[in-house]
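Residue-level structural notes
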Amino acid sequence: AGHGAEVHALVFEFEDGTLRGSLQDENGRRLILPLTNVSDRLSDSAKVDRGEFIVGVSGHGTRLCYLCNDITFYLQSFRGRREISFSSFDDGWKGRKFDLSVESGLSFRDLEFAGGTVVRIITTTQATETPEPTTTTPAPTTTT
């Protein structure tokens, strides 16, 4: 994930090496995956272990032109539940709360962002496509 003033990148790397997600540059323009320098945009990462599934997300939108202010992923496995969170360094631009769940029988694939918030979870029927390591938020940005 890339985060600073706001969350500006979330990248999911799947077991097969596929990258999905959303990234923005310092001016709020969307960047298209795959990027050769994707790791330059990311400041944190978290691993989703084999057998864990993302079952929901919540957080707050942003009043700026980035993805969101903060986001928490809810994971479920036979070992129980856990959370992975990324947030901005500044709550001053925090927007409306969002809270979405993956429908029963479907698997998480990606998130759709619009207007500074998560608007929907993109799913697949293939339960084997668990994101493996990199749930990432963008690196800090500066505004002038």
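Below: a short report on this structure.

Our focus in this paragraph is the nonpolar core. Counting 22 residues, the largest nonpolar core has L10, V57, I71, F73, F108 and L111 as the members making the most contacts within it. At the level of elements, strand 2 (7–13), strand 5 (53–62), strand 6 (70–77), strand 7 (80–87), strand 9 (107–114) and strand 10 (117–124) are the ones that each hand at least two residues to this core.

Within the secondary structure layout, Q76 lies in strand 6. Sequence spacing of Q76 and E52 is 24 residues, and the spatial spacing of their C-alpha atoms is 5.5 Å.

Inspection of the secondary structure assignment puts S87 in strand 7. Looking at S87, the relative accessible area reads 36%, which means it is partly exposed. C-alpha separation for the pair S87 and D70, spaced 17 residues apart in sequence, amounts to 4.0 Å.

Let's shift gears to the sheet that holds strand 6. By definition, the strands of a sheet pair up through backbone hydrogen bonds, in either a parallel or an antiparallel sense. Taken together, the 4 strands give an open sheet; going across it, the order is 7-6-5-8, and neighbouring strands pair in antiparallel fashion. Pairing within the sheet leaves two strands with one partner each, and these edge strands are strand 7 and strand 8 (94–101). Within this sheet the neighbouring strands show an average axis-to-axis angle of 15°, counted without direction. The sheet contact formed by strand 5 and strand 6 spans 7 bridges and is antiparallel. From the neighbouring strand, F53 faces strand 6, where its bridge partner is Q76.

About the thresholds
Residues numbered from 1 in each chain as written. Predicted model: local features only at pLDDT ≥ 70, side-chain atom pairs only at ≥ 80, totals over all residues. Heavy atoms only, no water. Core = buried A, V, L, I, M, F, W, Y, C linked by side-chain atoms within 4.5 Å. Buried < 20%, exposed > 50% of the residue type's maximum accessible area, 1.4 Å probe, protein only. Helix = DSSP H or I, 4+ residues; strand = E, 2+ residues; numbered from the N terminus. Pairing = 2+ DSSP bridges. Axes fitted to C-alpha atoms, helices over the stretch in contact; angles between N-to-C directions.

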